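If you want the building blocks of each chain, they are given just below.
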Amino acid sequence: MSIPPAILAEGVQKSYGKTRALAGLDLVAEAGSVLGVLGPNGAGKSTAVRIFTTLLAPDSGRVEVAGLDVTRRAAEVRTRIGLAGQYAAVDETLTGYENLVMFGQLYHLPGAIAKRRAHDLLERLDLVEAAGRLVKTYSGGMRRRLDLAASLILAPQILFLDEPTTGLDPRGRLAMWALIQELARTGTTIFLTTQYLEEADQLARQIAVIDRGRVIAKGSADELKAQIGGERLEFTLAPGSDLNSALEALRPYQSGEVQVDAAERRVAVPVTQGAQRLAAMVRDLDAAQIALADLSLRRPTLDDVFLALTGHTATETKSETNEVDKPAEPQFATRRPA
Amino acid sequence: MNRTLPVPMERLIPLKRPALYWALADAVVVAKRQIRQIPRVPDELITAIVQPVIIVLLFRYLFGGAIHVPGVSYINYLMAGAFVQSAIFASANTGVGVANDLKLGLVDRFRSLPMAPSAVLTGRIFADLIRNTVVILVTWGIGLLVGFRPAGTPVAWVAASALVLLVSFVFSWFSALMGLLIPSPEAVAQAGIVWLLPFIFGSSAFVPVDTMPGWLRAFSDHQPVSLMMDAVRGLLLNQPNTPALWQALVWCGGLLIILILLSVWVYGRRTSR
Ligand SMILES: Nc1ncnc2c1ncn2[C@@H]1O[C@H](COP(=O)(O)OP(=O)(O)OP(=O)(O)O)[C@@H](O)[C@H]1O
Ligand SMILES: [Mg+2]
C-alpha cells in the first residue's frame, strides 16, 4: 500500500452567502513535505485551512487529511493535526504555561504529561522566562510562538500554519522561519499560507498560488519563476534619456513583455542568457546615448510570477467585489534591486 | 525549572475514554480556566455584585415609599424580583465571554482539538454558576441589611436560592446562544439584555401585577420570568404558590433543552470572524 498524501483536496467549493471563497480548489501535499500556499487578501487561504482542520464543512469536493475524510472522520483528524491560525488563539488571562497545560488536557493527555509537555515546548520556543506571565503582557512575536507551541502539543504529523509571520518584525519573522525549518527537517508535513513571496520561496519546496479560491499555478519556486522566463534587466533612465530609444536598443535581447513605469522612468526587460549578454546590452544602450541612473540584472521574483499570472501583484490589496478579470495593466512590481 | 527529560513522542497519545467522560472532564478543564479568570478580571464580578445592591437600595428607598403592596412590607415583596433580576443580569456575562473567545480565535483552537465540543460552553457555564452563587449570596446580604425578613423555613429559603440559581443557569445558556450568534462582544452585552427587559420589568418584580393595565397584566401573568419570581416569592414568604412553582420549573426545563441543543449545534458550526 502506498502512503496516502498528507493533504488531499479535490474540487473543494465553499461560499459564505454570496461570497465565493473557494471555487474548486485542488491541492496535494505529500507526507513530510512543506506546501506553501500563496495568495493575496481574500484569496481563500484561511477558508482552506479551516476546512482542512475540520472547523468548516466544504459545500462540495473531497478533502482528506492524513488519509482521513475531514467531514466524516473529524475526530480522528483532530488527533493528527496542529493548527496555528491567522491570529494567535491563546487565552490572554492565563499565563503561557497555564495555556499549554490547558490545551494539553483538552488534547486528552494525562495531567502529568500535559504539564511536562508544556515545559518542553516553552523551552523549545524560547518562552521559559515568560512562562509565568499573563499572555496579556506578551509581545506579538511571543504570542505567535505560544500559539505555535499549542499546536505542537501532540507532535502532530501535519501542521497548518495560517500566515505565521504576518505582523511580526523582521527578527520575529526570522525566528519563526527557523522554527518552521526545524519542524520540516524532523519530518512534519507543513501546510503554510502566506502573502509573502519570499516566505514561500524560503520555506516551501512546493508552492501553490491561489487567487479567488482556485489554484492558478503550482510547482517549485524555480519552476514558477521559469514560467515567466529568464532574467530581467532593470534600469532607471537618467534625466534627458529617451525611453523609446532605450527600448529600441534592447529589442534584439528582449524575450517577453516589457514593463515600464513611466513616472519613475523605470524599465524591466525580460531577457535570456542575461549574464552572458549583459556587456553587449550595456554597450548598445551606450551607443544609443542612453544615460542610466541605475542598472541591475535579476532573476524574476514570485511577485513577477503573480503579476504575470493574475495581472495584479500579490501584495496589492484587491477589492472583494472585483469579479471581472481586468486585463493586465503595465504596472510595476515595486521591488528595488537587491 | 525542573530539568527532566523531554516527554518522549510515544507518550504523547491522547487517552481513550467514553464520550460522556470527556464531556465532563473537558468541561472541568474549561471551568477551571474561567474560575482562574475571576480574580484576574475582577471588574466582571464587581459589576455583577454591585448590580443587585443598587437595585435593592434604589427600590427600597426611592420607590419603596410610593409602592404599597397589601399584606407584606415592600422590601419583603421586592426581594424575589431582585433575586431573579440580578441572576438574569449576571448571566449576560456568559455570552460576552463566548463572543470574546470567538473574536480572539480561541473557539477555532478549541474546535480543532479532539475535546468534547459541548465542554467549551458547559465548562464556562459551570464557572458562571459559581459566580452567580456569589451574586445570590450578596443579594441575600444586602436584603437582610435593609430589612428583608423571609418567612417560613430555611429549607424553603435554600430552595428559593436554588431556583434562582437554576434561572441563572437557563439565562446563561440564552446568553451563550446570543454570544454565538452576534458577532461583537460589545453588541452581545447590549442585545443579550435588551430582549429580556420586557420580561424583567413587565413582571411582578417590583409592583404587583394587579396595578397594571389589562393587556400588560395578561402578558405579565403568564410570561416565564413572572412565574419564576412568583415561585421564588412564595418560597421566601411562606406563601406556597404551587402552580407558579410547577410552571416555572417546566419553563426552565423546556427552555434549557431548547437552548442547550441550539447552542451546541450553533457552536459546532461557528468559526471566528
Ligand atoms: N465568516 C465569513 N463570512 C463571510 N465571508 C467570509 C467569511 N470568511 C471569509 N469570508 C470571505 O471569503 C473570502 C475568502 O476569505 P479568506 O479569509 O479565506 O481569505 P484569505 O486568503 O485568508 O485572506 P487574508 O489574507 O485576508 O487572510 C473573502 O472574500 C472573505 O471576505
Ligand atoms: Mg486569512
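Anything mentioned here points back to the structure above.
One structure accompanies this document, and this report is about it. (Residues numbered from 1 in each chain as written. Chains lettered and ligands numbered in written order. Predicted model: local features only at pLDDT ≥ 70, side-chain atom pairs only at ≥ 80, totals over all residues. Heavy atoms only, no water.)

Re the sheet that holds strand E8 (residues 189-194) of chain A
The pairing of strands in a sheet comes from backbone hydrogen bonds and takes either a parallel or an antiparallel form.
Residue and element names in this part refer to chain A.
Line of reasoning, step 1. An order of E6-E7-E8-E3-E9-E10 is seen for the six strands of this open sheet, with the pairing classed as mixed. Pairing within the sheet leaves two strands with one partner each, and these edge strands are strand E6 (81-84) and strand E10 (214-219). Taking the axes of each pair of neighbouring strands and ignoring which way they run, one obtains an average angle of 15° across the sheet.
Line of reasoning, step 2. Note: strand E3 (residues 34-38) against E8, five bridges, orientation parallel. Bridge assignment links Val 34 to a residue of E8, and that residue is Ile 190.
Line of reasoning, step 3. Here helix H1 (residues 45-52) sits on the sheet and contacts E3, E6, strand E7 (158-162), E8 and strand E9 (206-211); the angle it forms with E8, its principal contact strand, is near 155°. (Pairing = 2+ DSSP bridges. Helix = DSSP H or I, 4+ residues; strand = E, 2+ residues; numbered from the N terminus. Axes fitted to C-alpha atoms, helices over the stretch in contact; angles between N-to-C directions. Contact = heavy atoms within 4.5 Å.)

As for the packing of aromatic side chains
Describing an aromatic ring pair means giving the distance of the ring centres and the angle of the ring planes.
All names here are of chain B.
Line of reasoning, step 1. Counted according to the given criterion, the structure contains 15 aromatic pairs over all chains.
Line of reasoning, step 2. A ring pair is formed by Phe 59 and Phe 206, whose centres lie 4.0 Å apart and whose planes are at 15°; its orientation type is stacked. Of this pair, Phe 59 sits in helix H2 (residues 42-63) while Phe 206 sits in the loop between helix H8 (197-201) and helix H9 (214-222); the two residues are 147 residues apart in sequence, bridging distant segments of the chain.
Line of reasoning, step 3. Judged by its relative accessible area of 11%, Phe 59 is buried.
Line of reasoning, step 4. Ring centres of Phe 199 and Phe 219 lie 5.6 Å apart, and the angle between their planes is 50°; this geometry places the pair in the tilted category. Here Phe 199, found in helix H8, pairs with Phe 219, found in helix H9; they are 20 residues apart in sequence, far enough to count as distant.
Line of reasoning, step 5. Residue classification places Phe 199 among the partly exposed positions, given a relative accessible area of 29%.
Line of reasoning, step 6. For Phe 219, a relative accessible area of 33% translates into the label partly exposed.
Line of reasoning, step 7. Aromatic ring contacts, followed pair by pair, group Phe 59, Phe 63, Phe 201 and Phe 206 into a single cluster.
Line of reasoning, step 8. Sitting over the ring of Tyr 21, Arg 17 keeps its end group 5.1 Å from the ring centre.
Line of reasoning, step 9. Over the aromatic face of Tyr 77 sits the side chain of Arg 233, whose NZ or CZ is 3.8 Å from the ring centroid. (Phe/Tyr/Trp six-rings, centres within 6.5 Å; stacked < 30°, edge-to-face > 60°. Buried < 20%, exposed > 50% of the residue type's maximum accessible area, 1.4 Å probe, protein only. Lys NZ or Arg CZ within 6 Å of the ring centre and 35° of its normal.)

Quick notes on the packing of helix H5 (residues 119-145) of chain B against helix H6 (residues 154-181) of chain B
All names here are of chain B.
Line of reasoning, step 1. Running from N to C, H5 and H6 point in directions that differ by 135°, and their axes come no closer than 9 Å. Viewed along their axes, H5 and H6 adopt a mutual orientation that is oblique. Relative to H6, H5 is oriented so that their crossing is right-handed. Contact with H5, carried on its side by Leu 121, Thr 122, Ile 125, Asp 128, Leu 129, Asn 132, Thr 133, Ile 136 and Trp 140, involves Trp 157, Ser 161, Val 164, Leu 165, Ser 168, Phe 169, Ser 172, Trp 173, Ala 176 and Leu 180 of H6 and no other residues of that element.
Line of reasoning, step 2. Looking at side-chain class alone, the contact of H5 with H6 contains twelve nonpolar, six polar and one charged residues. (Parallel < 35°, antiparallel > 145°, perpendicular 65-115°, else oblique. Left-handed = near helix turned anticlockwise from the far one by under 90°. Nonpolar A, V, L, I, M, F, W, Y, C, P; charged D, E, K, R; others polar.)

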